[in-house]
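Each chain is listed here by its residues.
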Amino acid sequence: MLHVAIATRAFRRYSTYRAATLAGIFTNSVFGIIYSYAYLAVWDANPTAGGYDAQDAVTYVWLGQALLMTIALWGGGTTDDLAERIRTGDVAIDLYRPVGIIGWYLASDLGRAAYHLLTRGFGPTLIGLVIFHISLPPSFSTAGAFAVSLVLAGVVSFAIRFLVASTAFWLLDQSGVKVMSGAFAIFFSGMMLPLVLFPGWLGTVANALPWASYVQVPADIWLGKHTGVDLVAALGFQLVWAAVLLTACQGVLRLATRKVVVQGG
Amino acid sequence: MPSHHSTEQPLIQVRDLQRTFDVRRRVEGRRRRVREEVLAVHDLTFSVEAGEMVGYIGPNGAGKSTTVKMLTGILVPTGGEVRVVGLDPSRNRVELARRIGVVFGQRSTLWWDLPLIDSFELLQKMYRIPPARYRQNLDRFVEILDLGKQLDTPVRQLSLGQRMRGDITAALLHDPEVLYLDEPTIGLDVVSKGRLREFLRSLNSERNTTLMLTTHDLQDIEALCERVIVIDHGTSVYDGSLAGLHAQGGSRRTLVVDLVDEAPPIDVPGAEVRKVEGPRQWLSFPSDASAAPIVAAVAAAYDVADLSIQEPDIEDVIRDLYARGA
Amino acid sequence: MAEAVRAQHLRTYGQIAWLWIRAAWQYPTSFVLLAVGNGLITGLDFVGLWIMFAHLDNLAGFSLHEVALLYGSASLALGIADTAIGSVERIGTYIRTGRLDQMLTKPVPLLVQVCADQFTLRRLGRLTQASIVFGWACTYVDWTPLKLVVAVSMLVSGGLVFFGLFVGFSCVQFWTQDATEFANAFTYGGATITQYPLNIFPRELLVGLTFVIPVAFVNWYPCLYLLGRSDPTGMPDALRFASPLAGLVTMAAALIVWRSGVRHYTSTGS
């Protein structure tokens, strides 16, 4: 129940940024339009590139834009608070609270994600629907699977962002690592270009990395590319990465706690 | 170098100055916030001659920083006129900036990530200070303010006192005619405060630098300023000497007496009992009177365990002043 | 007189920038790492384009070399502008922290100070990467003396257009700090658009990109000339030589907006 309260509070906190949210939806839509035309040109030259057709590709664009803020693809979210608290030293208090830090920040982040889903998730999706007539999930079960995939993507994203923020324990400042992580996320999540287009070994590597969980996996579920066993495998992929990365977070936190206790932050 | 202007023209002239702000306030019963006009400064008139040291004091929110912002060109007045060294600050910002120095107590003007000396060099470039003059000033201030060992330290690693001294150096490298200081001694220890006040005094006497000091610290004022302007609710309620302020404000000091046993309110000439709490009593007496006879009278008539004297709070002085409708 | 003033401002900008460079050079490894990192990150865009071409021979009728020319020139122009504009995008932060007020007490124009603040050469990373791509693409161009002139003017004008775009849209922060992302649609959106041949967009959009947000002049029109191609969207040929004009107009507009923004700030306070 505590975690629900934390999530609700985060939701409410982010919901006060009304003007910023509207501006954000506008920007998402502009980029959605740009990439849609770019992809239409690509699929015009090669109508079956990567196993997608033009309709799939354009839908993919708008899904990417919708997911961008929802899972905080570029970085940010509540883990920025963590980094700030590390910088000021306040985190030392958090480390001794009865509620686990990871649980706290995850709940917070999911609350934030819920708000962004409702606004910067649905907003661009609606606009994509109106302007480009993007595809919708073929069945209710697909939609349900997408919802699950979305949550898993959010968790994987959180874990990576948590790890990035934790570098502040050693580097004092997460911004350098955050920028690099964001760039990797944009590239390897399929945000810049669908991973289905990545050739040979690059494609194999990209599809195995955790960032594939961000956009490519949920998008493929939405597009109905994964069914039956395939679908379970896709969700399983996200689940495995979520578990591995969260464990890594715990490990890092343990190291950090030791450091704070020994060095006094 | 300061220009030679006629001695008739005051250096700083403020006439009927006015500044309103549009503020959105939440009002009961209305969903959207209501736009209100707040009068931060109004009907403000004063002049400062070259070489004066003026204290600009008032309670929080009285309009002090708003005034300084208008004097330095950061904010445009909504009414009235302001001239500094003959220039209109908001119209001739860059030209005026060459001739004034500003020290903000809360925020540093120095570049956070750079070593102190780099900040100074940056300022030399910005103010186009001739190299010889720059070296001369730099060496002098570094020596007096004891910054020699800090020159290569990044500003973010300096202590508050060192940073403040760095800020003052930074504000003076270009030989400004006017120096605005906003809470310069805040957070400093007693020794540093004393040294800083000494420095400012010598600055004024040697270079005839006009000083305008905004502060809450009455001791700063007493150490440095012959003249004080008291601002409250956006307008000047007193403009004159410090002594006059105490007299006019009817400010009073407080003698805190800890008696051995509880007793009824002490009765001695020249003092009034303001508060009684057990064996402790607060006696109020005029600031310009000496505490000695009162102390003697109390000690003679009562069993005293301990005594202390509280200086008048600037807030009290001003409150008294304003209440009297001065 | 105005010329002398402008020259003085540039000199002051240079002096401030030099001090930042010198300070950064105290930590050479960190500096090099950041520059390399910057180059890699900005280079990912081109990797994306290259991957695209693994699946097709041409994009909207443009080969990889031709798209590389478009991408390289735009990226160079963006890199130049990016290095020059410095911290303009952070105006809102400066307002909030009171730093802008402090800058206003210095005898240097505000724009010069904001642009020179925290000047960093790590953007050299992008410039290096862009130069490599552009250089490679240039080897496929049939050069004539006039084309050389057009190429140079394209880069300079492109820099001016981006500079004007970023400064102009950053001014939104003088009025409000809440909706700053709105500006990104035009600044970073404009930059993204220039990576592609503009005939992928409908004609109405192209007109907008020519006469409203003139990013089409950054690389599209001049590159059409360099590549010896006719305009697939049928716009007039004269536009190919109009980049300098576009650059100057954008700059002028940006400076007007900037002045207006500063006036608003000093008239209303923070």
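This is a predicted model, so every value here is computed, not measured.

Across its full length, chain A holds twelve helices and zero strands. Overall, chain A shows an N-to-C arrangement of helices and strands of α-α-α-α-α-α-α-α-α-α-α-α. Rg of the C-alpha trace for chain A: 19 Å, near the compact-globule value of 18 Å for 265 residues, within the 12% margin. Over its C-alpha atoms, taken along the principal directions, chain A stretches across nearly 60 × 40 × 35 Å. Looking at chain A as a whole, 54% of its 265 residues are labelled buried. Put simply, of all contacts in chain A between residues at least 6 apart along the chain, 80% involve residues at least 24 apart. Accessible surface for chain A amounts to roughly 11500 Å². Of this, 70% is attributable to carbon and sulfur atoms. Taken as two groups, the 15 positive and 12 negative side-chain charges of chain A have centres that lie 12 Å from each other.

Our next topic: the overall build of chain B. From N to C terminus, chain B includes ten helices and 13 strands. When contacts within chain B are restricted to residue pairs at least 6 apart in sequence, those whose partners lie at least 24 apart make up 68%. Of the roughly 15700 Å² of accessible surface on chain B, 47% is carried by carbon and sulfur atoms.

A complete count under the given rule lists 30 salt bridges over all chains for this structure. For R120(A), the salt bridge identified is with E181(C), shortest N-O distance 2.9 Å. Taken together, the residues R120(A) in helix α6 (residues 101–132) and E181(C) in helix α10 (residues 181–193) connect one chain to another. In this structure E181(C) comes out as partly exposed when scored by relative accessible area, which is 25%. Close ionic contact of D220(B) with R197(B) constitutes a salt bridge, the shortest N to O distance being 2.7 Å. Of this pair, D220(B) sits in helix α7 (residues 218–224) while R197(B) sits in helix α6 (residues 190–207); the two residues are 23 residues apart in sequence, bridging distant segments of the chain. One exposure class covers both D220(B) and R197(B), and it is buried. Salt bridges sharing common partners tie together D109(A), R112(A) and R161(A).

Another aspect to go through is the interface of chain C and chain B. Across the boundary between the two partners, chain C contributes 28 residues, which contact 28 residues of chain B. With both sides pooled, the region where chain C packs onto chain B buries about 2600 Å², and carbon together with sulfur makes up 59% of that total. If you look at where chain C meets chain B, you find three salt bridges. Put simply, D101(C) and K69(B) hold a salt bridge, and the shortest N to O gap is 3.6 Å. Taken together, the connections running from chain C to chain B amount to nine residue pairs in polar contact (both at pLDDT 80 or more). Among the elements that make up the side of chain C that touches chain B, the one with the highest residue count is helix α1 (residues 2–24) of chain C (seven residues). Counted by class, the side of chain C that touches chain B contains ten nonpolar, 13 polar and five charged residues.

For the rest of this paragraph, the subject is a nonpolar patch on the surface. Taken together, the side chains of L129(A), V130(A), I131(A) and L136(A) present a nonpolar region at the surface, about 360 Å² in accessible area. Counting through the fold element by element, V130(A) comes out in helix α6.

This brings us to the pairing of strand β8 (residues 227–232) of chain B. Residues and elements named next belong to chain B. Counting buried positions along β8 gives six out of six residues, so the element sits mostly inside the fold. Here β8 shows two buried faces, one formed by R227, I229 and I231 and the other by V228, V230 and D232. Bridging between strand β3 (residues 53–57) and β8 involves four bridges; their strand directions are parallel. Bridging from a neighbouring strand, Y56 pairs with I229 of β8. Direction of pairing for β8 relative to strand β9 (residues 235–241): antiparallel, over a ladder of six bridges. By the bridge assignment for β9, V228 is matched with G240.

Here the focus is the side chain of Q173(C). Residues and elements named next belong to chain C. Checked against the element boundaries, Q173 lands in helix α9 (residues 172–175). A polar contact is formed between the side chain of Q173 and the backbone oxygen of E89, at a distance of 2.8 Å. Residue contacts for Q173: discarding those within four places in its chain leaves E89, R90, I91, G92, T93, I95 and T180.

Here the focus is the interface of chain A and chain C. Across the boundary between the two partners, chain A contributes 29 residues, which contact 28 residues of chain C. Buried area between chain A and chain C, summed over both chains or domains, comes out near 2500 Å², and the portion from carbon and sulfur atoms is 81%. Looking only at chain A, the three residues that lose the most surface to chain C are I34(A), Y37(A) and L193(A), adding up to 19% of its buried area. Joining chain A to chain C, the criterion identifies one salt bridge. Inspection of the region where chain A meets chain C yields four residue pairs in polar contact (both at pLDDT 80 or more). Looking at the side of chain A that touches chain C, the elements that each hand over two or more residues are α2 (18–45) and α9 (175–188) of chain A. The element best represented in the side of chain A that touches chain C is α2(A), accounting for 15 residues. By residue class, the composition of the side of chain A that touches chain C is 24 nonpolar, four polar and one charged.

All right, on to a positive patch on the surface then. Side chains of R18(A), R24(B), R32(B), R33(B) and R35(B) sit close together on the surface and give a patch of like positive charge. Checked against the element boundaries, R24(B) lands in strand β1 (residues 12–25).

The next point concerns the sheet that holds strand β5 (residues 100–104) of chain B. Residue and element names in this part refer to chain B. Spatial strand order, β5-β6-β7-β3-β8-β9: six strands in an open sheet with mixed pairing. Two strands close off the open sheet at either side, each with one partner strand: β5 and β9. In this sheet, adjacent strand axes meet at a mean angle of 15° when their direction is disregarded. In this sheet, strand β6 (residues 178–182) lies alongside β5 in parallel orientation, the contact comprising five bridges. Directly across from G101, in β6, lies its bridge partner L179.

About the cut-offs
- Residues numbered from 1 in each chain as written.
- Chains lettered and ligands numbered in written order.
- Predicted model: local features only at pLDDT ≥ 70, side-chain atom pairs only at ≥ 80, totals over all residues.
- Heavy atoms only, no water.
- Helix = DSSP H or I, 4+ residues; strand = E, 2+ residues; numbered from the N terminus.
- Rg over C-alpha atoms; globule rule 2.2 N^0.38 Å.
- Buried < 20%, exposed > 50% of the residue type's maximum accessible area, 1.4 Å probe, protein only.
- Contact = heavy atoms within 4.5 Å.
- Areas by Shrake-Rupley, 256 points an atom, 1.4 Å probe, with all protein chains shown as cover.
- Lys, Arg positive; Asp, Glu negative; His and termini not counted.
- Charge placed at Lys NZ, Arg CZ, Asp CG, Glu CD.
- Salt bridge = Lys/Arg side-chain N within 4 Å of Asp/Glu carboxyl O.
- Buried area = accessible area lost by both parts, 1.4 Å probe.
- Polar contact = N/O pair within 3.5 Å; in protein donor to acceptor, adjacent residues only side chain to side chain.
- Nonpolar A, V, L, I, M, F, W, Y, C, P; charged D, E, K, R; others polar.
- Patch = residues over 30% accessible without salt bridge, like charges linked within 9 Å, V, L, I, M, F, W, Y side chains within 5 Å.
- Pairing = 2+ DSSP bridges.
- Axes fitted to C-alpha atoms, helices over the stretch in contact; angles between N-to-C directions.

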